[in-house]
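So you can see what is in the structure, the chains are spelled out below.
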Amino acid sequence: MTIPVKIKIRAFRPNDEKDVIQLWKECGLVFPQNDPRKDIRRKLKVQADLFLVAVYGKIMIGTVMGGYEGHRGWINYLAVSPNFQRKGVGRSLMGEIEKLLKKVGCPKINLQVRESNKTVMRFYEKSGYVQDKVASFGKRLVVDDHSVKNRKKAQ
Ligand SMILES: CC(C)(COP(=O)(O)OP(=O)(O)OC[C@H]1O[C@@H](n2cnc3c(N)ncnc32)[C@H](O)[C@@H]1OP(=O)(O)O)[C@@H](O)C(=O)NCCC(=O)NCCS
């Protein structure tokens, strides 16, 4: 499917921050352990050109954050506004980020999906991704204030 011509994919600009965070909230991508503002600021310091947004006129409708550490490419924060889903925007964002990652020499993309997120699994399968037989491990090196604040509130 080709996306409507009014939809443009471009690099993130600093004044997109508010709209992007709102979109991530609508898409269920903001979790207590991740401070979206800090995530954006960190990304702007490392391969900022691999942080893409999709806009429909002035409306923020999609995002994808890519990165390459010299061995694997990574994808995070893929999101399409619920009002614009199933129109090929997600597929176009992935196509664009894959092109950019390939351009910097990346041979393979990895990504993590919450096991409960069956929709996105279908999406990635349709986009040519296969589930690797690996367990995903993580270790937090910096605890964001955001999560501390939220944990305190929950206590
Ligand atoms: C995953 C997501 C980005 C897909 O964006 P999208 O613009 O709707 O996807 P596309 O229209 O490009 O879909 C491409 C194909 O993926 C599959 N697909 C997409 N959404 C699907 C759904 N809800 N159920 C089943 N298949 C789906 C379809 O095969 C679709 O092609 P088709 O519409 O021609 O059948 C969007 O659903 C989303 O933002 N979800 C919430 C945020 C999220 O979970 N992000 C991932 C974090 S890891």
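Colleague: Help me understand the overall build of the chain, please; the structure alone is not making it clear to me.
Modeller: Counting its regular elements, the chain contains five helices and five strands. Walking the chain from its N terminus toward its C terminus, one meets helices and strands in the order β-α-α-β-β-β-α-β-α-α. Radius of gyration (C-alpha) of the chain: 16 Å, near the 15 Å computed for a compact globule of 155 residues. Across the 155 residues that make up the chain, the buried fraction comes to 22%. In the chain, of all internal contacts separated by at least 6 residues, the share reaching a separation of at least 24 is 62%.

Colleague: Would you mind going over the site of the ligand with me for this structure?
Modeller: Near the ligand you find 20 residues, and of these Val80, Gln85, Gly90, Arg91 and Arg122 are the closest. When contributions to the shell around the ligand are tallied by element, the ones reaching two or more residues are strand S4 (73-80), helix H3 (89-103) and helix H4 (118-126). The class makeup of the residues in the shell around the ligand is ten nonpolar, five polar and five charged.

Colleague: What is the right way to read the sheet that holds strand S3 (residues 59-68) from this model?
Modeller: Backbone-to-backbone hydrogen bonds join strands into a sheet, with any given pair of strands oriented parallel or antiparallel. A sheet is described by the order of its strands in space; here five strands give the open sequence S1-S2-S3-S4-S5, paired in mixed fashion. Two strands lie at the open edges of the sheet, namely strand S1 (7-11) and strand S5 (109-111), each paired on one side alone. Pairs of neighbouring strands in the sheet enclose a mean axial angle of 25°, with direction left out of account. In terms of strand pairing, S1 meets strand S2 (residues 51-56) through five bridges, oriented antiparallel. When the sheet's bridge partners are listed, isoleucine 9 is paired in S2 with alanine 54. Contacts from helix H1 (residues 17-26) reach S2, S3 and S4 within the one sheet, and its direction differs from that of S3 by about 90°.

Criteria and cut-off values
Residues numbered from 1 in each chain as written. Predicted model: local features only at pLDDT ≥ 70, side-chain atom pairs only at ≥ 80, totals over all residues. Helix = DSSP H or I, 4+ residues; strand = E, 2+ residues; numbered from the N terminus. Rg over C-alpha atoms; globule rule 2.2 N^0.38 Å. Buried ≥ 20, exposed ≤ 12 C-beta atoms within 10 Å, placed from the backbone. Contact = placed C-beta atoms within 7 Å. Near = placed C-beta within 6 Å. Nonpolar A, V, L, I, M, F, W, Y, C, P; charged D, E, K, R; others polar. Pairing = 2+ DSSP bridges. Axes fitted to C-alpha atoms, helices over the stretch in contact; angles between N-to-C directions.

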